[in-house]
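Chain by chain, the residues:
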Amino acid sequence: MNTQAVFEGGLSAGEVPVPEAPSRGAKSGRERSWLRAFLAFAGPGFLVSVGYMDPGNWATDIAGGARFGYSLIWVILASNLCAIFLQTLCARLGIATGHDLAQACRAYYSKPVSFVLWVLAEVAIIACDLAEVIGSAIAINLLTAGRISLTAGVLITGFDVLILLGALHFGFRKLEAIILTLVTTIAACFALQIFFAKPDWGGVAHGLIPSLPPSPAGTGLEDTALYLALGILGATVMPHNLYLHSSIVGTRRIGKSNDDKADAIKWNTLDTVLSLGAAFFVNAAILVVAAATFHAVGRTDVSDIADAHSLLAPLLGAPVAATAFAVALLASGQSSTITGTLAGQIVMEGFLNIKVPPLLRRVISRGLAIIPALVMIHVSGGKNTTGLLVLSQVVLTMQLPFAIFPLVMFTSDKGKMGEFVSKPLAKWVGYAIASTISGLNVYLLYQTLREVLT
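Predicted, not measured: the structure shown is a model, and the values here were computed from it.

**Some words on the overall build of the protein chain**
Of the regular secondary structure elements, the protein chain holds 18 helices and two strands. Counting over 454 residues, the protein chain shows a buried share of 57%. Taking the contacts inside the protein chain whose residues are at least 6 apart along the sequence as the reference set, 85% of them involve residues at least 24 apart. In the form shown here, the protein chain has an accessible surface area of approximately 17800 Å², with 69% of it arising from carbon and sulfur atoms.

What follows is the structure, encoded as C-alpha cells:
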C-alpha cells in the first residue's frame, strides 16, 4: 500500500517529482548532477528541524544557560545526535515500506495497544503545541510592546497557522520554502545575538564535556540539571516528529524499484544530517546567549521568556538584539506550529484510519493546544512561562519510548524492510537510546514522588 495521502488540494504521496535514479552500476552517461538530485529530495529534513528550535527548546535552553552556564551544551549535542539517528530510521521506514510510523503501528499492534499509542502520541502533540502556541503569543506580546495580551496572542496564533497551512494548496514545495525562510530568520537573529553577547568560547568548548553540575541546597526538582537535561532531550528529539518525518518523505515521487528506494534513502539521510546539524547550532546558540548574558552576571533566576527579552537589551548594550530575540521567537513558534499541525493530521489518520475534512482536523489540532494554553495562562497570570514550557518538554521525554521502541522494532524487521533492514549495530543503538530514556524517565518519576512524599 502506498503512503497515505494526508494533505488536501491534490497534495498527496509522491507529489514532488525527483530525477530518475540510475540503476546500480550505471555508466557515467546515466549519472545525474548530485546537486540537482539533492535539491529534489531536500525539504523534509528542514520541516523536521524546526522542532529542534521551537519555543520549548527556548525555554529549556534559556533556563539551562541561565542556571548552569555552558555546562549543558553537551546535552544538546547528545540529544541532537540521537535525533539525527532516529530521524534517519524514520526516513528509511517511510521510503522502504510506503507506510509512516503511525500506519505501521496500526497494522502491527492490536486495536487496544494501537489506541493507547495514539493517545500517547496525541498527549505529546498537545504538549508540544502548547509550547509553540505560548511561545508565539509571547513573541506577539513583545513585538507589540504589550498592546496585544498573551490571551489574544494565543487566539491569533491559532488562526494564522491555518492561513500559512493554506500554502499547501500551491504545493508542498511552497510550504517547505516558507519553513526554510522562517528557519533562516531564526538563525540570522541568533547570529546577531551571539555577536553582541561575546560568549566565552573556552567555556563553550568545556560545556561539550559530559557532566551534570550540582544544584544549590534546597533547590526544587524542577531547578536541577537532570530535570533541565530531560527537558532538553524531549525538546530536541520530540516524539511527534518521528511520525511526521516517516510520512513526509513520501511526498517525493520515486519509483518502486529497490534502486529508486536506495537512492531516496541516501538523499533523505543527507538532508536529515545537514538540516538537523544546522538546527544544533541554532539550539546551542540559545543556551550560549543565555549563559553569556544571564549566568555571567549572576541572573540565574530567569523564569520567564519575557523577562529574558527585557534583560537582553541592557545586558548586551544593543536594543536591536532584544528585537531580534522577539522576531526569532515568533518565527520559531510559527514554523513549529505548522509542522505540529501536520503531525497531528498524520497521527490521527495513521492510527485511526479515519477520513475527516482537512479543516476539521486542523481545528481539532489547534483546539487541543489553544484550550490548555489559555487555561495555563489564566491560572499562572502569564508568569513563569519558562517553567510551564520546560514542563511541557519533560512530558515529551516521557512519551519518547512509546515511539522509539516501535520505530526500532519495525526498521529491524527484515520481513517489513527487505534489503533496507537496519544493521545489527543500528538496531542495538536504537534500543540503547530508548532504554536510556526510559531509565531516566523512571528515575525522574522516582525523584518526583520522593519530593512530593517528603
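Next comes the rest of the description.
**Describing helix α4 (residues 73–97)**
Its 25 residues place the ends of α4 36 Å apart at the C-alpha level, agreeing with the 36 Å of an ideal helix rising 1.5 Å per residue. Burial runs high along α4: 19 of the 25 residues are buried. Count one or two residues on from α4 and you reach G98, which has phi positive near 75°.

**Re a nonpolar patch on the surface**
Where nonpolar side chains cluster on the molecular surface, the patch consists of F115, V116, V119 and V123 and spans about 300 Å² of accessible area. Structurally, the position occupied by V116 is in helix α6 (residues 111–143). According to the relative accessible area criterion, V116 is partly exposed, its value standing at 47%.

**Some points on the environment of P17**
Along the polypeptide, P17 turns up in strand β1 (residues 16–17). Sequence spacing of P17 and R253 is 236 residues, and the spatial spacing of their C-alpha atoms is 4.9 Å.

**Re the nonpolar core**
A general tendency of soluble globular proteins is for nonpolar side chains to be buried together. One finds L86, F351 and I404 to be the most contacted residues of the largest nonpolar core, which totals 124 residues. Among the elements that make up this core, the one with the highest residue count is helix α12 (residues 258–293) (16 residues). Residues within four places of I404 in sequence aside, it is in contact with L86, L242, G430, I433, A434 and I437. Of all hydrophobic cores here, the second largest spans five residues; its members include A124, A127, C128 and M238.

**Focus: the pattern of salt bridges**
When their charged atoms lie close together, side chains carrying opposite charge are able to pair. Within the structure shown, the criterion is met by two salt bridges. Ionic pairing is found between R252 and E176, a salt bridge with its closest N-O pair at 2.8 Å. Separated by 76 residues along the polypeptide, R252 in strand β2 (residues 252–253) and E176 in helix α8 (residues 172–197) bring together distant segments of the chain. Taken individually, R252 and E176 each receive the classification buried, so the pair is uniform in this respect.

**As for the environment of G64**
One can find G64 in helix α3 (residues 55–68). Filtering out sequence-adjacent residues up to four positions away, G64 remains in contact with G69, L72, L228 and L287.

**Some remarks on α3**
Every α-helix carries 3.6 residues per turn, so stepping three or four residues along brings you back to the same face. The first and last C-alpha atoms of α3 sit 19 Å apart over 14 residues, in line with the 20 Å expected at 1.5 Å per residue. Taken across its 14 residues, α3 has 13 buried, putting it largely inside the fold. G69 lies just past α3 and shows a positive phi near 65°.

**Re the packing of α6 against helix α14 (residues 319–352)**
α14 packs onto α6 with a crossing angle of 160° between their chain directions and a minimal axis gap of 8 Å. By the angle between their axes, α6 is roughly antiparallel relative to α14. The handedness of the crossing between α6 and α14 is left-handed.

**Overview of unusual backbone geometry**
One non-glycine residue, K198, lies in positive phi territory at about 50°. Relative to the assigned elements, K198 resides in the loop between α8 and α9 (201–206). Overall, K198 belongs to the exposed group, its relative accessible area being 62%.

**A word on the packing of α8 against α12**
Viewed as axis vectors pointing N to C, α8 and α12 meet at an angle of 30°, and their least axial separation amounts to 10 Å. Taken as axis vectors, α8 and α12 run roughly parallel relative to one another. In this structure, α8 meets α12 at a crossing whose hand is left-handed. Contacts between α8 and α12 pair I186, A187, F190, Q193, I194 and A197 from the former with V282, A285, I286, V288, V289, A292 and T293 from the latter. Of the residues belonging to the contact of α8 with α12, the class tally is eleven nonpolar, two polar and no charged.

Parameters at a glance
Residues numbered from 1 in each chain as written. Predicted model: local features only at pLDDT ≥ 70, side-chain atom pairs only at ≥ 80, totals over all residues. Heavy atoms only, no water. Helix = DSSP H or I, 4+ residues; strand = E, 2+ residues; numbered from the N terminus. Buried < 20%, exposed > 50% of the residue type's maximum accessible area, 1.4 Å probe, protein only. Contact = heavy atoms within 4.5 Å. Areas by Shrake-Rupley, 256 points an atom, 1.4 Å probe, with all protein chains shown as cover. Expected span 1.5 Å × (residues − 1). Patch = residues over 30% accessible without salt bridge, like charges linked within 9 Å, V, L, I, M, F, W, Y side chains within 5 Å. Salt bridge = Lys/Arg side-chain N within 4 Å of Asp/Glu carboxyl O. Core = buried A, V, L, I, M, F, W, Y, C linked by side-chain atoms within 4.5 Å. Axes fitted to C-alpha atoms, helices over the stretch in contact; angles between N-to-C directions. Parallel < 35°, antiparallel > 145°, perpendicular 65-115°, else oblique. Left-handed = near helix turned anticlockwise from the far one by under 90°. Nonpolar A, V, L, I, M, F, W, Y, C, P; charged D, E, K, R; others polar.

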